[in-house]
Amino acid sequence: MRKEPIVETEEIFDIELEEDLLNRNRELAEGNHKAMHEHGVRALDVLGSIGSGKTTLITEMVKRLRDRMNVAVLAGDLTTMIDAERIEEQGVPVVQIHTGKECHLDANLVHKALAELDLASVDLVIIENVGNLICPGEFPLGADQRLVMVSVTEGPYTALKHPYIFADAEVAVINKVDLAEAMEVSVDGLAEDLRKVKPGIKVVPTNAREGEGVDEVLRALGL
Ligand SMILES: Nc1nc2c(ncn2[C@@H]2O[C@H](COP(=O)(O)OP(=O)(O)O)[C@@H](O)[C@H]2O)c(=O)[nH]1
Ligand SMILES: [Mg+2]
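Presented here is an overview of the structure given in this document. (Residues numbered from 1 in each chain as written. Chains lettered and ligands numbered in written order. Predicted model: local features only at pLDDT ≥ 70, side-chain atom pairs only at ≥ 80, totals over all residues. Heavy atoms only, no water.)

## Description of the site of ligand 1
Thinking step 1. Taken together, 18 residues surround ligand 1, and among them Gly51, Lys54, Thr55, Thr56 and Asp178 come closest.
Thinking step 2. Between ligand 1 and Thr56, the relevant distance is 2.5 Å, taken from an oxygen atom to a side-chain nitrogen or oxygen of the residue.
Thinking step 3. Side-chain polar atom of Asp178 to a nitrogen atom of ligand 1: 2.8 Å apart, as the coordinates give it.
Thinking step 4. When ligand 1 is considered free in solution it has 580 Å² of accessible area, and contact with the protein chains removes 79% of it.
Thinking step 5. Within the residue set of the shell around ligand 1, elements represented by two or more residues are α2 (54-65) and α3 (82-88).
Thinking step 6. Among the elements that make up the shell around ligand 1, the one with the highest residue count is α2 (3 residues).
Thinking step 7. Of the residues in the shell around ligand 1, the class split is 3 nonpolar, 8 polar and 7 charged. (Near = heavy atom within 4 Å. Polar contact = N/O pair within 3.5 Å; in protein donor to acceptor, adjacent residues only side chain to side chain. Areas by Shrake-Rupley, 256 points an atom, 1.4 Å probe, with all protein chains shown as cover. Helix = DSSP H or I, 4+ residues; strand = E, 2+ residues; numbered from the N terminus. Nonpolar A, V, L, I, M, F, W, Y, C, P; charged D, E, K, R; others polar.)

## Here's the deal with the state of the cysteines
Thinking step 1. Under the defined criterion, the tally for this structure stands at 1 disulfide.
Thinking step 2. One disulfide in the model links Cys103 with Cys135; its S-S distance is 2.1 Å. Residues Cys103 and Cys135 are joined through a disulfide that is left-handed, its torsion about the S-S bond being -110°. You can see Cys103 sitting in the loop between β3 (94-98) and α4 (107-114) and its partner Cys135 sitting in the loop between β4 (124-128) and β5 (145-151), a full 32 residues away along the chain.
Thinking step 3. The class for Cys103 is partly exposed, based on a relative accessible area of 25%. (Disulfide = S-S within 2.5 Å. Buried < 20%, exposed > 50% of the residue type's maximum accessible area, 1.4 Å probe, protein only.)

## Some points on the sheet that holds β5
Within a sheet, adjacent strands bond to each other through the backbone by hydrogen bonds, running parallel or antiparallel.
Thinking step 1. The 7 strands lie next to each other as β3-β2-β4-β1-β5-β6-β7, forming an open sheet whose pairing is parallel. Each edge of the open sheet is held by one strand with a lone partner, namely β3 and β7 (202-205). Sheet twist, expressed as the mean angle between neighbouring strand axes with direction ignored, is 20°.
Thinking step 2. The sheet contact formed by strand β2 (residues 71-77) and β3 spans 5 bridges and is parallel. When the bridges of β3 are listed, Val73 appears paired with Val94.
Thinking step 3. In the packing of α4 onto the sheet, contacts are made with β2, β3 and β4, and the angle to β3 comes to roughly 145°.
Thinking step 4. Most of the contacts of helix α7 (residues 187-197) go to strand β6 (residues 171-175), to which it runs at about 160°, and overall it touches β6 and β7. (Pairing = 2+ DSSP bridges. Axes fitted to C-alpha atoms, helices over the stretch in contact; angles between N-to-C directions. Contact = heavy atoms within 4.5 Å.)

## Overview of the nonpolar core
In a soluble, globular protein the nonpolar side chains are often hidden away together inside.
Thinking step 1. One finds Leu57, Met61, Val73, Ile126, Leu147 and Leu221 to be the most contacted residues of the largest nonpolar core, which totals 29 residues.
Thinking step 2. Residue assignment for this core shows that the elements contributing at least two residues are β1 (42-48), α2, β2, α3, β4, β5, β6 and α8 (214-221).
Thinking step 3. Contacts of Ile126, omitting those with residues within four sequence positions, involve Leu44, Val46, Ile58, Met61, Val62, Val71, Ala72, Val73 and Leu74.
Thinking step 4. Grouped together as the second largest cluster of nonpolar side chains are 19 residues, Val152, Val185, Leu194 and Val203 included. (Core = buried A, V, L, I, M, F, W, Y, C linked by side-chain atoms within 4.5 Å.)

## Let's talk about a negative patch on the surface
Thinking step 1. On the surface, Glu16, Glu18, Glu19, Asp20 and Glu138 cluster together to form a negatively charged patch.
Thinking step 2. Here Glu16 lies in helix α1 (residues 15-38).
Thinking step 3. Of the residues examined, Glu16 reaches a relative accessible area of 62% and is grouped as exposed. (Patch = residues over 30% accessible without salt bridge, like charges linked within 9 Å, V, L, I, M, F, W, Y side chains within 5 Å. Salt bridge = Lys/Arg side-chain N within 4 Å of Asp/Glu carboxyl O. Lys, Arg positive; Asp, Glu negative; His and termini not counted. Charge placed at Lys NZ, Arg CZ, Asp CG, Glu CD.)

## Focus on the pattern of salt bridges
Thinking step 1. With the rule as written, the count across this model stands at 9 salt bridges.
Thinking step 2. For Arg146, the salt bridge is made with Asp45, and the minimal N-O distance between the two is 3.2 Å. Here Arg146, found in strand β5, pairs with Asp45, found in strand β1; they are 101 residues apart in sequence, far enough to count as distant.
Thinking step 3. On the accessibility criterion, Asp45 (1% relative accessible area) is buried.
Thinking step 4. Arg219 is the salt-bridge partner of Glu216, the closest N and O atoms lying 3.7 Å from each other. Here Arg219 and Glu216 lie together in helix α8, a separation of 3 residues that amounts to about one turn.
Thinking step 5. The class for Arg219 is exposed, based on a relative accessible area of 59%.

Dropping the structure here:
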C-alpha cells in the first residue's frame, strides 16, 4: 500500500464559493441565535451518525422536559417524516425539515423552520440534525449548545476518525452501551478518546432505548 495518503489540497475550483456559503451561513446562524434569544428561547443542536439514536434520545429528553418547559423540535431528515412523527407522539410541536440530497441542516433552513413556531411560547428548541458526522460540523445553526451522539455499534474509533465534529460540542453521548460487550467496544476507551479529541467535553453513556442515562444528559446540558 502507498504510505502517503492522497490529501485534499487548496486547488479546487469552488473554494471562494464555499467560503461565501459558510460566511453567509454564519450570518444567518447569528440571526437565528438573536431571534431566539429575544424570545428567551434556548436551542440545542443534536448531531450523530445515521441510526446512532438521536431520535430515541430526543424523544426521551422531551418526555422528561415537557412538564416543566415548553419544548419544540426541528427534525432534519433527507426525505421522510418518520422521526418527526415519532417525536410528535410526545405532544410537542415538531417542524420537519427536508434537506433532499444535502447531508446537513443549514441556518437558512432553520430560519424558515423557526418561522413555523410561536417562539413566544417556546422555552427550548431541540434540533435533530441530519445523520452525519462530517457535513454538519461547519454549519452552525444558531443553537446555544451542541450535543454529539456516538454509538458503540459504530465501532471503537468514531472519536478519533471524526475529531472535527466535536470541536463545538459541549456534551458527547455514548449510546447503545447495552451492546458494548457484543460489539467488543470499550465505553471507557471511547470516553477517553472523546476527551482527547475535545478536552473538557462532558461524556455521558446511555442506553437511550431504555431511557438509561437520559437524566444525566439533561444535567450535563444544564436542563
Ligand atoms: N440496543 C439499543 N438500541 C438503540 C438504543 N438507542 C436507539 N436504539 C435503536 O437504534 C435504532 C436507531 O435509532 P434512532 O433514534 O432512529 O437513530 P437516529 O437515526 O440517530 O435518529 C432504533 O431501532 C432504536 O430503537 C440503545 O441505547 N440501545
Ligand atoms: Mg433520527
